[in-house]
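Here is what each chain is made of, one letter per residue.
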Amino acid sequence: MFKYILFDLDGTLTDPEIGITNGVMYALEKFGIKVNDRKELLCFIGPPLIDSFTQFYGMSHEDALQAIVYYREFFGVTGIYENEVYNGIEEVLATLKEQGKKLILATSKPEKYANIILEHFGLLKYFDCVVGATFDGSLNYKSDIVRVALERGQVDDITKAVMIGDRHHDINGGKANKLATIGVLYGFGSMEEFKECGADYVAETPADILRIINAQE
């Protein structure tokens, strides 16, 4: 039986495409790079920004850090609200709380931003614990974020915990901490991605999350 439910944020609870891609475009323009199709930037949704700027645009570590500063100039004011909750998500969270589950957020987005987004959309009340990345990069990768979330959330039995997310980073982060995992297909991942990283379950819709969790009772 799953008692502790860990959720990713971007691509799992909310669709952040517009805000994140606008923030990345803003940052890239500071380096003289213009992007005409925001779909090229969907790869930025999920992994730490430092990795994305270095991997996808060949930036040095120093330039990538500066790009993050530019990104946050935009995202912290405007992009953070260019976001929307997936249909059915609030019903899932409300039902899980009614069932007595402990809900924990484990996101690679900075914790400050995560709290603002959850509060803005009226979702913060469902969570017992919110853990995100730090601005200084000391807590950045999903496996570490999940580990801290388990500690802060006072998870005393990891066999009763499950990590839910839309990308392989979420699944790998859960597996690194010996958790069961659920990949969601309505976000930015794919069935092929979940097969490759070995997700235990796959949910096509938010309602499927409930069905998977309740099937373990």
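Residues numbered from 1 in each chain as written. Predicted model: local features only at pLDDT ≥ 70, side-chain atom pairs only at ≥ 80, totals over all residues. Heavy atoms only, no water.

Peer 1: Could you give an account of the overall build of the protein, with specific residues and numbers?
Peer 2: Summing up its helical and strand segments, the protein has 9 helices and 8 strands in all. Over its C-alpha atoms the protein spans a radius of gyration of 17 Å, differing by no more than 12% from the 17 Å that the globule rule assigns to 217 residues. Taken over the C-alpha atoms alone, the protein extends approximately 55 × 30 × 30 Å along its principal axes. Accessible surface, the protein as shown: approximately 9,600 Å² in total, 48% of it carbon and sulfur. Averaging the coordinates of the 21 positive side-chain charges in the protein and doing the same for the 33 negative ones gives two points 4 Å apart. (Helix = DSSP H or I, 4+ residues; strand = E, 2+ residues; numbered from the N terminus. Rg over C-alpha atoms; globule rule 2.2 N^0.38 Å. Areas by Shrake-Rupley, 256 points an atom, 1.4 Å probe, with all protein chains shown as cover. Lys, Arg positive; Asp, Glu negative; His and termini not counted. Charge placed at Lys NZ, Arg CZ, Asp CG, Glu CD.)

Peer 1: Account for the nonpolar core, with residues named and values stated.
Peer 2: Judged by nonpolar contacts, the single largest core of 53 residues is most densely connected at Phe-7, Phe-53 and Phe-127. Top contributing element to this core by residue count: helix α3 (residues 61-75), with 6 residues. Setting aside chain neighbours within four positions, we find Phe-53 in contact with Val-24, Ala-27, Leu-28, Phe-44, Gly-58, Met-59, Ala-64, Ala-67 and Ile-68. Core analysis: the next-biggest nonpolar cluster, separate from the first, contains 17 residues, Leu-139, Val-148, Met-163 and Leu-179 among them. (Core = buried A, V, L, I, M, F, W, Y, C linked by side-chain atoms within 4.5 Å. Buried < 20%, exposed > 50% of the residue type's maximum accessible area, 1.4 Å probe, protein only. Contact = heavy atoms within 4.5 Å.)

Peer 1: So what about the packing of helix α1 (residues 17-29) against α3? Which residues, and what values?
Peer 2: Close contact between α1 and α3 brings their axes to 8 Å; oriented N to C, the two are set at 130 degrees. It follows that α1 is oblique to α3 by the angle criterion. For the element pair α1 and α3, the recorded crossing hand is right-handed. Contacts from Gly-19, Ile-20, Asn-22, Gly-23, Val-24, Tyr-26 and Ala-27 in α1 reach Ala-67, Tyr-70, Tyr-71, Glu-73, Phe-74 and Phe-75 in α3. A per-class count over the contact of α1 with α3 returns 9 nonpolar, 3 polar and 1 charged. (Axes fitted to C-alpha atoms, helices over the stretch in contact; angles between N-to-C directions. Parallel < 35°, antiparallel > 145°, perpendicular 65-115°, else oblique. Left-handed = near helix turned anticlockwise from the far one by under 90°. Nonpolar A, V, L, I, M, F, W, Y, C, P; charged D, E, K, R; others polar.)

Peer 1: Can you lay out the packing of aromatic side chains for me, pointing to particular residues and giving the numbers?
Peer 2: Enumeration according to the criterion identifies 10 aromatic pairs in this entry. On the numbers, 5.9 Å between centres and 50 degrees between planes, the contact of Phe-44 with Phe-56 is tilted. Of this pair, Phe-44 sits in the loop between α1 and α2 (49-57) while Phe-56 sits in helix α2, and the two are 12 residues apart along the sequence. Residue class for Phe-44 comes out buried when judged on its relative accessible area of 2%. A relative accessible area of 35% places Phe-56 in the partly exposed class. A ring pair is formed by Phe-44 and Tyr-57, whose centres lie 6.2 Å apart and whose planes are at 40 degrees; its orientation type is tilted. In this pair, Phe-44 is assigned in the loop between α1 and α2 and Tyr-57 in helix α2, connecting sequence segments 13 residues apart. One aromatic cluster is present, formed by Phe-44, Phe-53, Phe-56 and Tyr-57 through successive ring pairs. (Phe/Tyr/Trp six-rings, centres within 6.5 Å; stacked < 30°, edge-to-face > 60°.)

Peer 1: An account of the side chain of Glu-193 is needed here, citing residue identities and associated values.
Peer 2: For Glu-193, the location among the structural elements is in helix α8 (residues 191-197). By relative accessible area, Glu-193 is classed as buried at 13%. Among the polar contacts listed, one links the side chain of Glu-193 to the side chain of Arg-167, at a separation of 2.9 Å. The contacts of Glu-193, once residues within four sequence positions are left out, are Arg-167, His-168 and Phe-188. (Polar contact = N/O pair within 3.5 Å; in protein donor to acceptor, adjacent residues only side chain to side chain.)

Peer 1: So, the environment of Pro-110: which residues are in play, and what are the values?
Peer 2: Along the chain, the position of Pro-110 falls in strand β4 (residues 102-110). As a C-alpha pair, Pro-110 and Ala-133 span 23 residues in sequence and 4.3 Å in three-dimensional space. When near neighbours in sequence (up to four residues on either side) are disregarded, Pro-110 contacts Arg-72, Ala-133 and Phe-135.

Peer 1: For the pattern of salt bridges, give the residues involved together with the corresponding values.
Peer 2: It is possible for side chains of opposite charge to pair when their charged atoms get near one another. This structure, assessed with the given rule, holds 10 salt bridges. We note a salt bridge from Asp-208 to Arg-211, for which the minimum N-O separation is 2.2 Å. A residue pair is termed a helical-turn pair when its members lie 3 or 4 positions apart in one helix, as Asp-208 and Arg-211 do in helix α9 (residues 206-214) at 3 residues. Residue classification places Asp-208 among the buried residues on the basis of a relative accessible area of 14%. Where salt bridges share partners, they join Asp-8, Lys-142 and Asp-170 into one cluster. (Salt bridge = Lys/Arg side-chain N within 4 Å of Asp/Glu carboxyl O.)

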